[in-house]
Each structure stands twice: as C-alpha cells, then as structure tokens.
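So you can see what is in the structure, the chains are spelled out below.
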Amino acid sequence: MEQSATQAVTESNDHATPAAAPASLRADHRAPDRLVLQRGIFTGPSAKVSDELYAVVKGRSTRERLALHLEKGATAHTNTYFGRFAASYWQRWTIVTEVRATMVLDVTKKARVRLVASDIAGHRRIIDTATVDASGPLTMTAPLDQYVDGGAMWLEFDADGGELGISELTWSSVAPERIRPVAIAICTFNRAADCAETVAALASDATVLAAIDAIYVVDQGTDLVQDRPRYQEVQPVFGDKLRYIRQPNLGGAGGFTRGLYEVSAVNEHADVILMDDDILCEPETVLRLNAFANMTVEPTLVGAQMLFLLNPDYLNVGAEEVHLHDLRHGQKVPKALRNTSMLKKNQERRVDAGYNAWWTCLIPAEVVARIGLPIPIFFQWDDVEYGVRAREHGFVTVTLPNAAVWHADFYWKDYDDWARYFSTRNSLIVGAMHAELDGKKITKQLFRNIAEHLVAMQYGLVHTTLQGIEDFLEGPKVLRDGGIAALAAARTSRADYGETIKHPAATPPVRAADIQLRRAHGEPSREVLVLVKRAINQWFGRTQHGLIGVTREDAYWWHVSLFDHVVVTDASQSGVRVRQRDKARARALLRRTFHVLRRLRKELPTLQEQYRAAMPELTSRANWERLYGISD
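Residues numbered from 1 in each chain as written. Predicted model: local features only at pLDDT ≥ 70, side-chain atom pairs only at ≥ 80, totals over all residues. Heavy atoms only, no water.

(A) Molecular detail of the pattern of salt bridges. Taken as a whole and judged by the stated rule, the model has 41 salt bridges. The closest approach of N and O atoms between K441 and D326, which form a salt bridge, is 2.9 Å. Pair noted here: K441 is in helix α10 (residues 439–455) and D326 is in the loop between β20 (320–323) and β21 (328–332), with a separation of 115 residues, a long-range link. The salt bridge involving K413 is made with D417; its shortest N-O contact spans 3.8 Å. Taking the relative accessible area as the measure of exposure, K413 reaches 49% and is therefore partly exposed. (Salt bridge = Lys/Arg side-chain N within 4 Å of Asp/Glu carboxyl O. Helix = DSSP H or I, 4+ residues; strand = E, 2+ residues; numbered from the N terminus. Buried < 20%, exposed > 50% of the residue type's maximum accessible area, 1.4 Å probe, protein only.)

So this is what it looks like as structure tokens:
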C-alpha cells in the first residue's frame, strides 16, 4: 500500500493537520432519491451470535448475511432484535412520515409476505399483505403515524407453494437534500488485537464502508494496532479513508476527543461516531445510526445499545440516565429493558435516554461547535458529562433500539479497582458542573459507601475513593495534565493494600485446606442498623475467626464483615483476593475519611464555582492542543 493512504500516522507530538483529512469528509454529499434506513440482515458478524437476533425461521432454510432461502413449507419473520424497524423512534425524532420495505424475491411457485406492526403493548396488527407467484422485486409501504409512544414494524414470510429466496431487503424513506459526512473515531490503549478486529469488521461491509468518509484510529498505547497483521491485512481496503494517530495516553476522554477535534476542524456539518476498541462490531449499526442522524429534526446525539459480549443475546443497556444529585450514572430509564434476553422479549415502548455511553455513539459537529469539546477527565463520566452538557444546550440523545454492539460484560470487572478513583473524582466534577449539589447529602452518602467498604475489609478501595475526593478538592488544576499523573498515583498507591492483589485460585497465599466456605443468607431489612452492628463488632474483634471462603455472588459487605479473614472470588472469576481485618488501618482510614468529608462539605460551594468557571478553558481546542502536544 502506498504511504499516501496512511498519511495521518503520527507520533505523539506530530499533528496530522486537518488538510490531511479525506476530501469526502470536507463536503456534504448529494443524497439519492431514497435513503436506506436499515437493511435486512439474516446472520450476525460472528458465529457467537444467534441468528435469531436477526430472523426466526421455522422449517429448513439457508442463511447468508444479506439473503435468506426458505424451502417449501418454511416460514420466517424479522420480529427480532436486529430485524425490527423501530417505528416509534423514527416517528418521534425524525422527519420521516412513510417508509418502504423493498426486497427481491425468488419464488418457485407461490409465497406470502406480510408487513406487520406492534403497539406499545406489543399487540400485533397487519399493515399490508402480498401473495407472490413470480420472482422479482416487491415493495410494501407504511405510514409512520401511530407509534409515538411505542411500537415497531417487521416482515413475515411464508414459502407456501415452493422455495422462497429473499434478498436486497431494505427499509427506506425519501432522502434529505444532502447527506452529512460521517467519520468513525476509535480510541484504543494496548488492545491492539481487539482494535484490529473492530477495524476489520468495518472493512467487511462494502455498503457501510462506502458511507464512511474517514476512520480515525487513535492509538494511545505501546502495543501498536498498526503492527498487527489483521490491521495490515485490511488497511488497503480503506484506501485514503484511514487515519492512524499516536498520542500520549489521555484515557478515553483524550482518545475520543481527538476524533472530535480532527473532524470538527474539517467540516462543521460532519457526524462523528465514537466507537470502543474492544467491541464486537455489527457494521449494520453504523448504517442505522448514520441514517437516523441524517433524518432527525434537529442535530441529535444517536447512541447504540449495548449487548453482552459473553452472553450475546442479552441486552445490557436499553437507555440510561444520570442522577447527578446522587452522583450515580448508568441508571436505567424507567421501562427500558436491561439484562434481558432479546430472543425472548422486544422493547415495544419508546424510552428516552439522558445520555449514551461511548461504546458506540454518534456526535453531530453542530454539538461540538456549540458546546465545545469534552472535558479532560481521562476516564469515566466523560460521556455522561458531554451528554448532560449537550442537553443543557438543547441537543437531545436518542438511544436507538435495533442498533447495538457487543461489549465486554461489566459485571466481570471487580468493583475494587483503580478505576474507582476516576469514578469518584469525576462524578464529583460532573455533579459540581451541572447540578446544585447538597454538601450534607453528598458527604452522608459517601460516608455510608466508605463505611460499607471498611467493614468489608476493602481498605484499598477506601483509600482509592478518598484519593478521588481529595483530588476533586484540589480544584480544576487537577485536570491540568489530562489525568496522566492521577492514573499513575491511583494504580501505584493501591499496592500498599494486600486485598487489592488478585491471586490464582488454586494457589492463594493461604492454606487451601484451612478455607471454609460460608454462604450468605438473605439481605438484611434494616441495613443501617446492621452496618453499625458490624462496625462495632469489628472494632472490638467480635468477628468469626478462621479462614472463610466467600463466592463472588455472596460477597456483600453485610456477609463478609461477619469474619476477620476471608478469601473472596474476584469478579473476573480468574482468581481470588484475601481480606483480613486490620483495626489500625481501619482507624487511620476512618480519621482520614472524617477530615476529607468535612472539607468537602465546607468547600463544595466554592469548588462548584471554580469548576464551572474553568469549563470554557478545559473544553477549548487550545487546551486539548496543549495536551496533545500540537503546535501551530
């Protein structure tokens, strides 16, 4: 491949100028007469994924990615996760008033096709039917006029008289005058193999690839994606569209912001799809997000849902919101599905998101132009803050059903981790910027959380949490380097706490023969009283002695705190951690907690003013250029 196709390969201090962007990214595109909103897909991007997420077939059949062949007597329907058309969302948020389902049928004798819809309760109704006795194209049309609160459309096929082939299935509408350019920005840090596969997935679909104007791979690691054979294999497929950028590790915030920074400098009307490196990518999702964004009434952030990678038919996130006054993000929107098998249930009701996480999310350039770039908080809450800030300026977020990627299951990651530093610090920063926090309420809540960790003998977790609060108290200057120093401190300081270390399950640093497994009973009804009782008993050493084993599912604070020496399974199921009661350490951490929370309650009003005043500078292009080492 010639070097010109990868001119944007940069070292950490060598900026790929906007002029290096593909020409197609710098101009809007004239649209065809009709815009494809989604395609009929019949099998997934991996053998791990159930075909029934795409179409359900009874009888003998043969599937291809974009075609389905039914033998005589077989039936099929697309009332499935990826097969449905999310009519409610298209009616509520876009200018589309009518859709066409168009397909090519290969009919040997006779077949029947039905266009079917549902309502908010999932009740089925037939919109149109066709009996077909000859091969050729078929078009079925339906208005978008009865779906505001919920409902979807799908197709049903009966191979009555003989074999039936279905191909080139699309859902389309009248197109806008121009189509906005779109770029994809993938942020990666030492997940080179995963990132290379994500890039390869985008290269695998010619239609999706043709719709993408640029792909930015922002590599912040030392295990370089560009060195992977898989990446090198697919690189020529992108031609001039691929841009590979190396830069210092500034976390997800720094990596994704680089994509927004580059694209918004080239075209103020372009869309950017932010995409995680470690997903299983469904290329069709890119087409659907892009089409939806081109048809919204106003510029709209459009996010994909998240399916579990290890349990691929399960939906983790249907739609989320943030409770800023409680410092809680990732909260399920009422009536949204979560942890649900999408082989068994569909989301009929329209649910409106507060924000969308950046495993895959489209950001219009108008949003960047109006509200600036993200804040340099390194990791966690950056996507939350940006969604909240966008809404404050009139830009809504839509989490689009039937558009998703598979992402690593969150519950396999242990809560006691260095990432808790950023979660704590950044939740306070985002809350301070966008809500009137109640210092008394916040400190009470934080004390409750810390107390639970203390009685559970998670001293390192308490330290990490306090470290996050302490750095928040330093004010906006803590964000000066984009989080590089904070990352190092959060990781290294935890080494002083033995229970933060994961050991092989077969060879823990204790005698396996001494471990006695104890299962938890029901959750206590009066948790505060139980917490006080556990704390008193631990203080005076009135806990069960001996070495106790606790499974991950039983590792609640109110169970673990009954003992003074426990071996707890790590959430990753790849090892165990050993916790041991340490009164001196608990006393020191408790004193530190009182001091830190007293400061937080007193200084919170002033800190809110400081962080809000710093917002324009923190989110400016000049600040990010400084962090990237970009010179004029």
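(B) Representation of the packing of α10 against helix α13 (residues 527–539). The geometry of α10 relative to α13 is characterised by a closest axis approach of 10 Å and an angle of 45 degrees between their N-to-C directions. The orientation of α10 relative to α13 falls into the category oblique. Relative to α13, α10 is oriented so that their crossing is left-handed. On α13, the residues that touch R448, A451, E452, L454 and V455 of α10 are E527, V528, L531, R534, A535 and Q538. Considered class by class, the residues forming the contact of α10 with α13 number six nonpolar, one polar and four charged. (Axes fitted to C-alpha atoms, helices over the stretch in contact; angles between N-to-C directions. Parallel < 35°, antiparallel > 145°, perpendicular 65-115°, else oblique. Left-handed = near helix turned anticlockwise from the far one by under 90°. Contact = heavy atoms within 4.5 Å. Nonpolar A, V, L, I, M, F, W, Y, C, P; charged D, E, K, R; others polar.)

(C) Summary view of the packing of aromatic side chains. For the coordinates displayed, the defined rule picks out 19 aromatic pairs. Arranged with centres 4.8 Å apart and planes meeting at 15 degrees, the rings of Y54 and F82 form a pair that is stacked. With a gap of 28 residues between them, Y54 in the loop between β2 (34–39) and β3 (56–58) and F82 in the loop between β6 (75–77) and α1 (87–93) connect regions that are remote in the sequence. On the numbers, 6.2 Å between centres and 90 degrees between planes, the contact of F379 with F422 is edge-to-face. In this pair, F379 is assigned in the loop between α7 (365–371) and α8 (382–392) and F422 in helix α9 (residues 419–434), connecting sequence segments 43 residues apart. (Phe/Tyr/Trp six-rings, centres within 6.5 Å; stacked < 30°, edge-to-face > 60°.)

(D) Local environment of the environment of S50. Within the secondary structure, S50 is located in the loop between β2 and β3. Looking at S50, its side chain comes within polar contact range of the main-chain nitrogen of E52, at 3.1 Å. (Polar contact = N/O pair within 3.5 Å; in protein donor to acceptor, adjacent residues only side chain to side chain.)

(E) Just the nonpolar core, in detail. Of all hydrophobic cores here, the largest spans 94 residues; its most connected members are L70, W90, M153, L155 and L202. No other element matches helix α2 (residues 192–203), which puts eight residues into this core. Setting aside residues up to four positions removed in sequence, L202 forms contacts with I184, I186, L209, I212, I215, F238, M275, C281 and V286. One finds V388, L473, L597 and L604 within the second-largest nonpolar core, a separate group that totals 55 residues. (Core = buried A, V, L, I, M, F, W, Y, C linked by side-chain atoms within 4.5 Å.)

(F) A look at the packing of α10 against helix α11 (residues 459–473). Here α10 crosses α11 at 155 degrees, and the two axes come no closer than 8 Å. Our classification of the angle between α10 and α11 gives roughly antiparallel. The interaxial crossing formed by α10 with α11 has left-handed handedness. Of α11, the residues touching α10 (which contributes L446, I450, H453 and L454) are Y459, L461, V462, T465, L466 and I469. Along the lines of polarity and charge, the residues of the contact of α10 with α11 split into eight nonpolar, two polar and no charged.

(G) Local environment of the side chain of E385. Examined against the element boundaries, E385 turns out to sit in helix α8. The exposure class of E385 is buried, given its relative accessible area of 0%. Among the polar contacts listed, one links the side chain of E385 to the side chain of R389, at a separation of 2.8 Å. Among residues more than four places away in sequence, those in contact with E385 are I375, V430, H434 and M615.

(H) A look at the pairing of strand β12 (residues 164–174). Burial of β12 is extensive: eight of the 11 residues sit out of reach of the surface. With five bridges connecting them, β2 and β12 associate as antiparallel partners. Paired with V36 across the strands is S172, a residue of β12. Bridge count between strand β5 (residues 67–70) and β12: four bridges; the pairing is antiparallel. Residue pairing across strands places L68 opposite I166, the latter belonging to β12. Two elements, strand β7 (residues 98–107) and β12, share seven bridges in a ladder whose sense is antiparallel. Looking across to β12, one finds that T102 is bridged to T170. (Pairing = 2+ DSSP bridges.)

(I) A look at helix α6 (residues 283–295). Given a rise of 1.5 Å per residue, 13 residues ought to cover 18 Å, and the 19 Å separating the end C-alpha atoms of α6 matches this to within 8%. Capping the start of α6, E282 holds a side-chain oxygen 3.0 Å from the backbone nitrogen of E284, two or three residues further along. (Expected span 1.5 Å × (residues − 1).)

(J) Representation of the sheet that holds strand β11 (residues 153–158) within the structure. Judged by pairing direction, the sheet is antiparallel, and its five strands sit side by side in the order β3-β6-β11-β8-β9 without closing on themselves. In this open sheet, the two edge strands, each paired with only one partner strand, are β3 and β9 (124–132). Averaged over neighbouring strand pairs, the angle between their axes works out to 15 degrees when direction is ignored.

(K) Inspection of the sheet that holds strand β27 (residues 565–569) at higher detail. Ordered in space as β25-β26-β27-β28, the four strands form an open sheet in which the pairing is mixed. Strands at the two margins of the open sheet, each flanked by one partner only, are β25 (516–517) and β28 (576–580). Alignment of β27 against β28, held across five bridges, turns out to be antiparallel. Following the sheet pairing, H565 is matched in β28 by Q580.

(L) Highlighting the environment of D133. Structurally, D133 is set in the loop between β9 and β10 (136–143). When the C-alpha positions of D133 and K109 are compared, they lie 5.5 Å apart, and in sequence the two are 24 residues distant. D133 has contacts with V107, K109 and K110, leaving out every residue within four places of it along the chain.

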